[in-house]
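Letter by letter, the chains look like this.
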Amino acid sequence: MYKTNYHRASSVEEAASLIAGADDGKLLAGGQTLIPTMKQRLAAPSDVVDLRHIADLKGISVAGSQVTIGAGTTHADVANSAEIRSACPALADLASHIGDPHVRNMGTIGGSIANNDPAADYPAAMVALGATIHTNSREISADDFFVGMFETALNDGEIITAVSFNAPEKAAYQKFPNPASRYAMTGVFVAKGAGGVRVGVTGAGSDGVFRATDMEAALGANFSGGALDATSVDSSGMLSDLHGSSDYRANLVKVMARRAVEAAG
Amino acid sequence: MGAEGIGARIARKEDKRFITGKGRYTDDMVVPGMKHAMFVRSPHAHAKINGIDKSAALAVPGVIDVLDGQQLTEDGIGSLICGWAITSKDGSPMNMGDWRPLATGKVRYVGDAVAIVVADTRAQAREGAEKVEVDYEELPSVTDSTAAIAEGAPQIHENAPGNQIFDWELGDSTTVDAALASAAHITEMDVVNNRLIPNAMEPRAALGHYNSAEDHYTCWTTSQNPHVARLVMSAFYNVAPENKLRVIAPDVGGGFGSKIYIYPEEIVCLWASKRTDVPVKWVADRTESFMCDAHGRDHVSNIKIAFDSENRITAIKVDTLANIGAYMSLFSSATPTYLYATLLSGQYNVANIHANVRTVYTNTAPVDAYRGAGRPEACYLIERAMETAARELGVDPAELRRKNFITEFPHQTPVIMAYDAGDFGASLDAAMQAADYSGFAARKAEAAGRGKLRGIGLSCYIEACGIAPSQAVGSLGAGVGLWESAEVRVNAVGTIEVLTGSHSHGQGHETTFAQLVADRLGVGIDTVSIVHGDTDKVQMGMGTYGSRSGAVGMSAISVALDRVEAKAKKIAAHLLEADEADIVIEGGELKVAGTDKTLPWFQMALAAYTAHNLPEGMEPGLKETAFFDPANFTFPAGCYICEVEVDPDTGVTDVIQFVAADDFGTIINPMIVEGQVHGGVAQGIGQALLEGCAYDPQSGQLLTASYMDYTMPRADDLPSIDVSTTKTESPSNPLGMKGCGEAGAIGSPPAVINAITDAIGNNDLTMPATPQAVWAAING
Ligand SMILES: Cc1cc2nc3c(=O)[nH]c(=O)nc-3n(C[C@H](O)[C@H](O)[C@H](O)COP(=O)(O)OP(=O)(O)OC[C@H]3O[C@@H](n4cnc5c(N)ncnc54)[C@H](O)[C@@H]3O)c2cc1C
């Protein structure tokens, strides 16, 4: 790791001013992506602004059907939250399968979506749940937030404060883990809510998370695994690497979508 | 045997320190004034070095020196050697290229060491290493063995034209070709044995300490054979004369073969310590381990098995291309030849066998022995071909094997080996029974009802351990003898120290070796200490690899114990006024048979050291040494049966059942043996389903350079393993032992792949059988 200056922020405002004042600063949440990247010397921020001690960024609240999760909430807290388990068990299930216990106890939902790793799990859920991403300056719909691989709509120094969504009627997430990293090689989150059916796909697309709109239409008409038989996934838009060709990933999208629909019941 | 003797299932003495984090590894060693090193490594697969600019690195605060290959050459440090000379079939010696500990002129793989930076801290050394500017001129590279011997491939070493190191054969091709010509059936297959990265839990490390006042060197290093390291570093690398070099291999966290070899880093740390006059420590990071530890396997083969009209094997013909990597590592030439082709008879009675092996340089990490070393490659080839033959012939794979089993011993194969003992039918029966082989059809039907493809696969493996005798291996080209030594020291109070040339890095020697002593003398294992891993303490030894520590290392202890017992009996007979022949050693006492006269063991020991009353002319003391050179290899063998379910939608393979029925001869501690089988099978399932080293064919970059891309087996990838043993004793050593360290890794891959190909009905499947590969095979 290269030398860096560490700052501990105690409020969002303080964090914002610290990051604005830094030469080439980085926000630090759970550190589960940023710290390994720094240790590998692939990132060399001049300053690191630690968000972990900002109480406002943590916690889960459910008001009616509206679910809000603070950006600094760990994967473990989401996985174990009684509120989430009752409002959206699929999301708790997703969080419980991220990495290992160490990662889940440190990593945060804000860090995960800010990073927008094409193989991360949360982006699929955010898209499928039609979530809203709250920052210190605005609200962004999940559809607009995830721009491409490792790319989001966030401006420099903009801080995610929370995500919110309406609890779906039914939902399920099916993850096919990469055999080595156990990130999602393909993960499909299917949610049926007031606004219809949404299908978020992570791990597979060459441009990061995407919505499978054909599947959404088919499932909107008939929410059953069989409804997906008539849909097809175009492999040309899929990632291809050592672990999975684009054809294989296209197949997985369909298989995982069907299993998610069946799991959602 | 007693509660702690041979056959006792007792917990390992060493586990407390390992489990509580109190092991002492090379990285735990600290000497006053110690500094830290980082290596500058090639980012290119193949490039000319036009110059090295150290000025920026030397300016980094804390950097003490930056040393390169030019300086190493000036100081007369030798090139790395290969310990086994192979002669090509045309009589020419192998074409071995020069391997400098720090590259000069050219780099030949990604990770090749170019310079060492010594600094006050590791971070400063890393900083310095980044600032060394090497002017590289990139050259075209080749990583695949088939591409490397093709016309026009980039030339890696000047003296290996066409990148070929040797073209070697074993067996009689004329008789084999004749048998093939008159065969009733021939099964032919192309088989790839995938390249693996060892991934010992503890990365390699070295601490070199030159003491200028005493003109003496000490090297702490992660070695499976510290004496061999000392020998090679003094005799060939010119680091220091043997008497001025002490090599210590303290606790070592796994080796699997990768820590047999003497690597550039320990040589360079010792030399750098002299150049800088500070102790120099280097510890590999995980990326360096992936890039620079010797890799394993990487064979491409064709096999033909000929059968007569009664399905008896009449001949086996094998053609293999083995990837050696960029340099010839210490045993790299032996692994694809004498440790491989000599096992191509498998468990079968085959009159005619011929193997042709070509080895080739590529721009990849060196390839050498890795858990099983040659025998897994032979076993995978034969056992996949036998299963395939059974399918082609329409007979039960178990019965085709049984029909061809060798049933009389000793048995001379046409490929050097003389199998000394075995009962292959017994292992097959045991495995079939444990696996409920006959109930498989019903299980398959039940799985089909759940949409799963169920398959079963067998593997009847044989391997060779305890490479020996020294004279024989010497005549085949080995550079060293393959005996082992032991010294048994009985202290004045009767406690015992055993000094052994074997090295324990996970095998549990501190327990099993003590069990042997307990068995012989009837003393508790707590009174026995095993000393190993330090050339200043232990007499010359050959180290641990090839499952040799039991069959060879313990045999040496056994012979030394014979000598200790003989002297102890003389002393007891003298003190008890009895005939020497009537003395028996039992329960920690020396007794006169048939009387109630006894002498406690410790009193006999005290008498040996007080020397107040010893037999006429006897020297005081009680300590004996033995060097044991076995008469033959040992031949562990067994039968593995694997049952899988494949999800046709995703290609995911679930290993439902794994049965291992092994014959290891005499077993000292069944719990440790089971652990070795569990670990070996885990590694074999890893090779079959998960692990595959990949280089980018264009750039020569290592694609699987971290756990993000290299899949190690994890607990949830593995089934519960059903382990059992049958027993025929090896007549080649006094204990009847065969060795169990590698069997699991040797026998399991073909069982897994045979099960998957049975499940999916497509035999065209290469390891690792990842979900994608299986899915493609189902849909291909
Ligand atoms: C071994 C391992 C396994 C893993 N497996 C998985 C897996 O299976 N699935 C999966 O989805 N993920 C996985 N991860 C990643 C993990 O979920 C990370 O926790 C997550 O991607 C990043 O979250 P973090 O809180 O650790 O963020 P950090 O690493 O601290 O930060 C990541 C990035 O987000 C930025 N950031 C953080 N918080 C904010 C904020 N509030 N506003 C704006 N920007 C912010 C940072 O500046 C940085 O650029 C794994 C990680 C590891 C180490």
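Residues numbered from 1 in each chain as written. Chains lettered and ligands numbered in written order. Predicted model: local features only at pLDDT ≥ 70, side-chain atom pairs only at ≥ 80, totals over all residues. Heavy atoms only, no water.

### Some details on the domain arrangement of chain B
Where the parts come together, the accessible area they lose is often given as the size of the interface. Residues and elements named next belong to chain B. Domain assignment breaks chain B into domain 1 (31–139 + 201–254 + 259–292), domain 2 (299–468 + 632–779) and domain 3 (483–628). A straight line from the C-alpha centre of domain 1 to that of domain 2 covers 36 Å. Listed as interface residues are 28 residues of domain 1 and, on the opposing side, 30 residues of domain 2. Across the interface of domain 1 and domain 2, roughly 2500 Å² is buried in total on both sides, 67% from carbon and sulfur atoms. Its largest share of buried area at the contact with domain 2, domain 1 owes to Trp84, Tyr261 and Phe290, together 29% of the area lost on that side. Remark: the boundary between domain 1 and domain 2 carries zero salt bridges. For the interface between domain 1 and domain 2, the tally reads eleven residue pairs in polar contact (both at pLDDT 80 or more). (Domains from an automatic or database assignment. Contact = heavy atoms within 4.5 Å. Buried area = accessible area lost by both parts, 1.4 Å probe. Salt bridge = Lys/Arg side-chain N within 4 Å of Asp/Glu carboxyl O. Polar contact = N/O pair within 3.5 Å; in protein donor to acceptor, adjacent residues only side chain to side chain.)

### A word on the site of the ligand
All names here are of chain A. Around the ligand there are 27 residues in total, and Leu27, Gly31, Gln32, Leu34 and Thr108 lie nearest to it. Contact between the ligand and glycine 30: an oxygen atom at 2.8 Å from a main-chain N or O atom of the residue. In this structure, glutamine 32 approaches the ligand through a main-chain N or O atom, which is 2.7 Å from an oxygen atom. Calculation on the ligand without its partners gives an accessible area of 970 Å², and the protein chains cover 90% of this total. (Near = heavy atom within 4 Å. Areas by Shrake-Rupley, 256 points an atom, 1.4 Å probe, with all protein chains shown as cover.)

### Digging into unusual backbone geometry
When glycine is set aside, most residues are seen to have a negative phi, and most peptide bonds are trans. With an omega dihedral of 0°, the bond running from B:Phe409 to B:Pro410 counts as a cis peptide bond. Along the chain, B:Pro410 turns up in the loop between helix H11 (397–404) and strand S16 (411–412). Cis geometry is adopted by the peptide bond preceding B:Pro768, which originates at B:Met767 and carries an omega value of -5°. Here B:Pro768 shows up in the loop between helix H19 (743–760) and helix H20 (771–779). Here the phi dihedral of A:Arg182 falls at roughly 65°; this positive angle occurs in a residue that is not glycine. Tracing the chain through its elements places A:Arg182 in the loop between strand S11 (170–177) and strand S12 (184–193). We classify A:Arg182 as partly exposed; its relative accessible area is 23%. Backbone geometry at B:Phe256 places phi at a positive 55°, although glycine is not the residue there. Examined against the element boundaries, B:Phe256 turns out to sit in the loop between strand S11 (245–248) and helix H8 (264–276). (Helix = DSSP H or I, 4+ residues; strand = E, 2+ residues; numbered from the N terminus. Buried < 20%, exposed > 50% of the residue type's maximum accessible area, 1.4 Å probe, protein only.)

### What about the side chain of B:Gln772?
Relative to the assigned elements, B:Gln772 resides in helix H20. Setting aside anything within four residues of it in sequence, one finds B:Gln772 in contact with A:Asp241, A:Leu242, A:His243, A:Gly244, A:Ser245 and A:Tyr248.

### Some remarks on the confidence of the model for chain B
Per-residue pLDDT for chain B has a mean of 97; in total, 100% of the residues score no lower than 70. Scored by ipTM, the complex comes to 0.96, with pTM at 0.97. (pLDDT = per-residue confidence, 0-100.)

### Looking at the environment of B:Trp271
All names here are of chain B. Tracing the backbone through its elements, the reader meets tryptophan 271 in helix H8. Along the backbone, tryptophan 271 and alanine 249 are 22 residues apart, and their C-alpha atoms lie at a distance of 18 Å. If near-sequence neighbours (up to four positions away) are discounted, tryptophan 271 is found in contact with Leu67, Asp68, Gln71, Leu72, Asp75, Ile77 and Leu102. A polar contact is formed between the side chain of tryptophan 271 and the side chain of aspartate 75, at a distance of 2.7 Å.

### Examining the packing of aromatic side chains
Throughout the structure, instances matching the rule amount to 22 aromatic pairs over all chains. Ring geometry for B:Phe633 and B:Phe635: centres 6.3 Å apart, planes at 35°, overall tilted. Like B:Phe633, the residue B:Phe635 is buried in the burial classification. Residue placement shows A:Arg41 over the ring face of A:Tyr2; its charged tip is 4.1 Å from the ring centre. The ring of B:Tyr263 carries the charged tip of B:Arg204 above its face, separated from the ring centre by 3.5 Å. (Phe/Tyr/Trp six-rings, centres within 6.5 Å; stacked < 30°, edge-to-face > 60°. Lys NZ or Arg CZ within 6 Å of the ring centre and 35° of its normal.)

### Description of the environment of B:Phe236
Residues and elements named next belong to chain B. Here phenylalanine 236 shows up in the loop between helix H7 (226–235) and S11. When the C-alpha positions of phenylalanine 236 and leucine 80 are compared, they lie 7.7 Å apart, and in sequence the two are 156 residues distant. Here phenylalanine 236 is in contact with Gly78, Ile81 and Leu231, once residues within four sequence places are set aside.

### Looking at the interface of chain A and chain B
Contact with chain A, which involves 23 residues of that partner, is made by 23 residues of chain B. Where chain A touches chain B, the interface holds 15 residue pairs in polar contact (both at pLDDT 80 or more). For the side of chain A that touches chain B, the per-class residue count stands at ten nonpolar, seven polar and six charged. (Nonpolar A, V, L, I, M, F, W, Y, C, P; charged D, E, K, R; others polar.)

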